[in-house]
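One letter stands for each residue in the lines below.
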Amino acid sequence: MERLQISEDEDLRMFRRTVAQFVEKELVPHQARWRAQHGPELEAWRKAGSAGLLLVDVPEEYGGGGGSFAHEAVVLDELARNGVYFGTQVHTTVAHYILALASDEQKHRWLPPMARGELLGAIAMTEPHAGSDLQAIKTSARREGDHYVINGSKTFITNGAHAGLVVVAAKTNAKVIGMRGISLIALETAGLPGYRAGRPLEKLGMQGQSTVEMFFDEVRVPAANLLGGVEGRGFAQMMEQLPYERLQIAVGALAVAEQAVALTTQYVKERHAFGKPLFDLQNTRFKLAECKTAAQVGRVFLDDCIERFVAGRLDEPSIAMAKYWLTETQCRIVDECLQLHGGYGYMTEYPIARMWADSRVQRIYAGSNEIMKELIAWSL
Ligand SMILES: Cc1cc2nc3c(=O)[nH]c(=O)nc-3n(C[C@H](O)[C@H](O)[C@H](O)COP(=O)(O)OP(=O)(O)OC[C@H]3O[C@@H](n4cnc5c(N)ncnc54)[C@H](O)[C@@H]3O)c2cc1C
């Protein structure tokens, strides 16, 4: 199976080899344990940091790898291909909020430990009654002197269990209805009174990363932690940063789709029914031909998106298309491939079963695919 083709110069190829070796040797062997305990040991984050897998597209002056989104795509691709999910994607997303919106002192304080895997990032937007409709959030941040005092709760927060830095979306002005009253505030959670992360929620897939509720009870945060320095910009800031996360998701989606086709092709050539390999049945070959075609079409589109994103030329509707179409394609391909595995495809010891469970959420988070279609339609 071919990997990323765009601008895979020698630098990117070498980087991919390093990442692939690290993932295979240091991460893959621990997946069953991580899934059982809803996340890796913190030591794994440090190892990933030392190996240069975290914040690869953050400038070196802040401890990052100094690469581009093409480097980030290599990391996402190798992790997803191997079914390794432990929250690094959200961690990087948070780093990009900090990079875009924090002061230089804050960037120097937070980004280097994030790159080393010592400080984990989370982004807390969703609330029990406000997911797609982010304007309806109720978590409040009232100004008191040099502090904000935060009250409320969040849900479905990836990395929440161990996050040391949480970017929280809160209403700084309750009188303003809708998006203009929302701000983003960075919380340093270590020993922070009134802050509490709940137990990992039981999920259908993506078991290796923690997803939790968060509670804020009169949590005091320095006013300087208001990201961007101006109240009421939070909704716009999220809209500016979400495309990055959506493209990350699209990269992982296609990696899984390609991997599903590869391992299913191998499976049906080995498995026999009615005295011959499953691959000799026309239905099997046709299904795989359809899947392979969809994956290849997706590859051309995604590589073009990455190339344009790196060049700063990728428009938002195209990112919404990539997130929507590639995650739908991922789910369709993985489902067809699971079917070709028969009953074994339903057994979680088989990678295709875990892929199926892990894939489903891709159509829901970071803006559901219905919201992606709205974004695309607005551009028409
Ligand atoms: C595993 C996991 C990890 C997550 N990680 C995070 C995280 O780290 N941080 C965070 O803040 N959030 C996170 N989320 C939350 C996620 O972003 C939301 O679940 C998602 O935005 C959808 O919101 P909701 O669940 O409230 O669904 P709802 O908004 O209630 O939507 C329900 C259904 O209605 C549809 N719908 C809603 N509005 C429209 C519309 N205008 N037009 C058409 N259809 C619509 C949706 O597409 C969906 O199908 C995570 C969720 C999961 C499951």
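Residues numbered from 1 in each chain as written. Predicted model: local features only at pLDDT ≥ 70, side-chain atom pairs only at ≥ 80, totals over all residues. Heavy atoms only, no water.

### Observations concerning the overall build of the chain
In plain terms, the rule: Secondary structure elements are defined from DSSP: runs of H or I of at least 4 residues count as helices, runs of E of at least 2 residues count as strands, and each element is numbered from the N terminus. Every radius of gyration here is taken over C-alpha atoms, with the globule rule written as 2.2 Å times N^0.38, N being the number of residues. Note on contacts: a residue pair qualifies if any of its non-hydrogen atoms lie within 4.5 Å across the two residues. Here the open area of atoms and residues is found with the Shrake-Rupley method and a 1.4 Å probe, where only the protein chains shown may cover a residue.
A count of helical and extended segments in the chain gives 11 helices and 9 strands. A globule of 380 residues ought to have a C-alpha radius of gyration of about 21 Å, and the chain, at 21 Å, matches this closely. In terms of overall dimensions, the chain has a C-alpha envelope of 80 × 40 × 40 Å along the principal axes. The long-range share in the chain, meaning contacts at least 24 apart out of those at least 6 apart in sequence, stands at 74%. Here the chain has roughly 16,900 Å² of accessible surface; of this, 54% comes from carbon and sulfur atoms.

### A few points about the pairing of strand S1 (residues 121-124)
This is how the line gets drawn: The buried label applies to any residue whose accessible area, calculated with a 1.4 Å probe on protein chains only, is under 20% of its type's maximum; exposed applies above 50%, and partly exposed to all values in between. When DSSP finds at least two bridges between two strands, those strands are taken to pair.
Where burial is concerned, the two faces of S1 agree: the one with Gly121 and Ile123 and the one with Ala122 and Ala124 are both buried. Here 4 bridges tie S1 to strand S4 (residues 165-171), and the two strands are oriented parallel to one another. In the sheet register, Ala124 faces S4, and the bridge partner there is Val168.

### Section: the nonpolar core
Condition: Residues grouped as a nonpolar core are buried Ala, Val, Leu, Ile, Met, Phe, Trp, Tyr and Cys residues, joined through side-chain atoms within 4.5 Å.
One finds Leu111 and Met238 to be the most contacted residues of the largest nonpolar core, which totals 51 residues. Of all the elements in the fold, those that place two or more residues in this core are helix H1 (10-27), helix H3 (42-50), helix H4 (69-81), helix H5 (88-101), helix H6 (104-115), S4, strand S5 (182-188) and helix H7 (234-270). In terms of residue count, H5 provides more of this core than any other element does, 7 residues in total. With sequence-adjacent residues up to four places away left out, Leu111 is seen in contact with Leu55, Val58, Tyr62, Ala95, Ile98, Leu99 and Gln106.

### Focus on the pattern of salt bridges
For clarity, the threshold we go by: Note on definitions: salt bridges are taken to be side-chain nitrogens of Lys or Arg within 4 Å of carboxyl oxygens of Asp or Glu.
Scanning all chains against the criterion turns up 24 salt bridges. One salt bridge connects Arg299 with Asp77, and the closest N-O pair in it is separated by 3.7 Å. Of this pair, Arg299 sits in helix H8 (residues 282-310) while Asp77 sits in helix H4, placing them 222 residues apart in sequence. Note that Lys154 is salt-bridged to Glu127, the shortest N-O span being 2.9 Å. In this pair, Lys154 sits in strand S3 (residues 147-158) while Glu127 sits in the loop between S1 and strand S2 (140-144), placing the two residues 27 residues apart along the sequence.

### Focus on the side chain of Thr88
Locating Thr88 in the fold gives a position in helix H5. If near-sequence neighbours (up to four positions away) are discounted, Thr88 is found in contact with Trp45, Leu54 and Leu79.

### What to know about the side chain of Glu78
Threshold: Contacts described as polar in this section are N or O atom pairs within 3.5 Å, which, within protein, must combine one atom able to donate a hydrogen with one able to accept it, while residues neighboring in sequence count only if both atoms come from side chains.
By secondary structure assignment, the location of Glu78 is in helix H4. Accessibility expressed as a relative area gives 3% for Glu78, which makes it buried. Separated by 2.7 Å, the side chains of Glu78 and Arg16 make a polar contact.

### Comments concerning the environment of Ala322
Within the element layout of this structure, Ala322 appears in helix H9 (residues 316-340). Taking the C-alpha atoms as reference points, Ala322 and Gly181, 141 residues apart in sequence, are found 30 Å from one another. Ignoring sequence-local partners within four residues, the contact set of Ala322 consists of Leu247, Ala250, Phe301, Cys305 and Thr327.

### Looking at unusual backbone geometry
The phi torsion at Asn159 lies on the positive side, around 70 degrees, for a residue other than glycine. Assignment of secondary structure puts Asn159 in the loop between S3 and S4. Residues other than glycine seldom take positive phi values, yet Glu218 does so here, at roughly 50 degrees. Mapped onto the fold, Glu218 is located in strand S7 (residues 211-222).

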